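One letter stands for each residue in the lines below.
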Amino acid sequence: ICHITQRSSTFSFPKICSIFWRFHHTSASHWCSCSKTISDEKYQDPFQLGRKDLKNLYEDIKKELLVSAAELKEMCDYYFDGKGKAFRPMIVVLMARACNIHHNNSKEVQASQRSVAIIAEMIHTASLVHDDVIDDANSRRGKRTLNQIWGERKAVLAGDFILSAASLALARIGNTTIISVLTQVIEDLVRGEFLQLGSKENENERFAHYLEKTFKKTASLIANSCKAVSILGCPDPKVHEIAYQYGKNVGIAFQLIDDVLDFTSCADHLGKPTAADLKLGLATGPVLFACRQFPEMNAMIMRRFSKPGDVERAWKYVLQSDGVQQTTYLAQRYCHAATREIRKLRPSPEREALVHLTEMVLMRDK
């Protein structure tokens, strides 16, 4: 499955149907268990290892967002409160170190590479602000959304402002290749949102549509940010491809597990309402797998769970099916692909931390 996606961010799904249903009917014994450790080498905590490069991350982001309008500043500071996990910047700085060590055994992260980590977090946060407006969401990370407090119009403008500040920071790096790689992320985010607004009648096309949307909305940012720091740290195109493929596979796995948690995690733990995707009319991995066992879900998917009782019925079907389990298996496959890629780099603590990060993605509960 890791080879379904092509090198570029444009997807080609020549045999998606047969591959997808082979996954569906593969017995559990053929897959590794989440509890198995992918690497038995010395454990490297990614968050501990990345912390030194992420010190003052949010203060530095706030410097990028210097603005005279008090209300706009308050809105921007609201999400950059230093309480986030900084998952994406952490992957970026670990990848930067792993590539630098691979290339010339350099132990330092370049200023431009750290800037990519900052820009990645800014783009990600801007996309959350805009997503919350589109979804009319009322909670995010356990607190009220910007659109709930300040209204939709101001929230859209705040998201735009964060994106513009990220673009200025990107321009200051002064490397046209890096600008091209990271602006691809913004294009993918928009295209992914449009994909999410549409739906496919053909159920085989539907899964391809879902994976493409997942790549564009979630994985492209991680993949292209990893690629950007590899370009800054190493001239070898093979290393750029390793970094990109690692980020792509981890990013897709991360979203697949997120979609699983929408069915398995309690709302307080997740920091947003559960069944949120069903309520938005979205058919994610667990729903699409469940549909094979309960074909009556097809009609519900096409009407985007809009009839009274649709959300509750779909929820029950998913939990009665093996949809959650199959989506988790699929996430494991993507994580294994990410591990295979990153192991092509020279050994380093950062490389091992990126391996262990794939396990953390699978084991996370929020």
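Residues numbered from 1 in each chain as written. Predicted model: local features only at pLDDT ≥ 70, side-chain atom pairs only at ≥ 80, totals over all residues. Heavy atoms only, no water.

Enquirer: How should I be thinking about the overall build of the protein in this particular structure?
Expert: Counting secondary structure elements, the protein contains 18 helices and two strands. Expressed as a percentage of contacts within the protein between residues at least 6 apart in sequence, the contacts between residues at least 24 apart total 75%. Of the accessible surface of the protein, which amounts to about 16,000 Å², a share of 52% is contributed by carbon and sulfur atoms. (Helix = DSSP H or I, 4+ residues; strand = E, 2+ residues; numbered from the N terminus. Contact = heavy atoms within 4.5 Å. Areas by Shrake-Rupley, 256 points an atom, 1.4 Å probe, with all protein chains shown as cover.)

Enquirer: Quick question: what am I supposed to make of unusual backbone geometry here?
Expert: For residues that are not glycine, phi is negative in most cases, and the peptide bond is trans in most cases. With a phi close to 55 degrees, Asp-136 is a non-glycine residue in the positive phi region. Mapping Asp-136 onto the fold places it in the loop between helix H6 (111-135) and strand E1 (139-140). Positive phi is not limited to glycine here, since Phe-305 has a value of about 55 degrees. Under the relative-accessibility criterion, Phe-305 is labelled buried at 5%. (Buried < 20%, exposed > 50% of the residue type's maximum accessible area, 1.4 Å probe, protein only.)

Enquirer: I tried to follow helix H2 (residues 46-54) on my own but got confused; where do I start?
Expert: One full turn of an α-helix is made of 3.6 residues, so residues set three or four places apart face in the same direction. Listed as buried for H2 are Pro-46, Leu-49, Gly-50, Asp-53 and Leu-54. Along the axis of H2, the buried residues cluster in a sector spanning 135 degrees; they form a single face. In H2, the exposed residues that point more than 90 degrees away from the buried face are Arg-51 and Lys-52. The inward-facing, buried residues of H2 abut helix H3 (57-64), helix H5 (87-104), H6 and helix H18 (349-363). Capping of H2 at its N-terminal end is provided by Asp-45; its side-chain oxygen lies 2.9 Å from the backbone amide nitrogen of Phe-47. Count one or two residues on from H2 and you reach Asn-56, which has phi positive near 65 degrees. (Arc of directions from axis to C-beta. Polar contact = N/O pair within 3.5 Å; in protein donor to acceptor, adjacent residues only side chain to side chain.)

Enquirer: Would you mind showing me how to read helix H4 (residues 70-79) here?
Expert: If you check which residues of H4 are buried, you get Met-75, Cys-76, Asp-77, Tyr-78 and Tyr-79. If you follow the buried residues of H4, they end up packed against H3, H6, E1, strand E2 (143-144), helix H7 (146-150) and helix H8 (152-173).

Enquirer: Sorry if this is basic, but what is going on with the packing of helix H11 (residues 237-264) against helix H14 (residues 285-293) here?
Expert: The axes of two packed helices give the description: the angle between them and the distance between them. It is at 8 Å that the axes of H11 and H14 come closest, and there the two elements cross at 75 degrees. In terms of orientation, H11 and H14 fall into the roughly perpendicular class. Between H11, through Asp-259, Val-260 and Phe-263, and H14, the contact on the second element is made entirely by Gly-285, Pro-286 and Val-287. Looking at the contact of H11 with H14 residue by residue, the classes come out as four nonpolar, one polar and one charged. (Axes fitted to C-alpha atoms, helices over the stretch in contact; angles between N-to-C directions. Parallel < 35°, antiparallel > 145°, perpendicular 65-115°, else oblique. Nonpolar A, V, L, I, M, F, W, Y, C, P; charged D, E, K, R; others polar.)

Enquirer: I keep staring at the confidence of the model for the protein and nothing clicks. Help me out?
Expert: Atomic detail in the predicted coordinates should be set aside for any region of low pLDDT. The pLDDT averaged across the protein works out to 86; a share of 86% of its residues lies at or above 70. Confidence, expressed as mean pLDDT per element, reaches its minimum in the protein at helix H1 (residues 16-25) with 41 and its maximum at helix H17 (residues 323-342) with 98. Contacts from residues 1-41, a stretch scored under 50 in pLDDT, to residues over four places away or in other chains number 86 contacts. (pLDDT = per-residue confidence, 0-100.)

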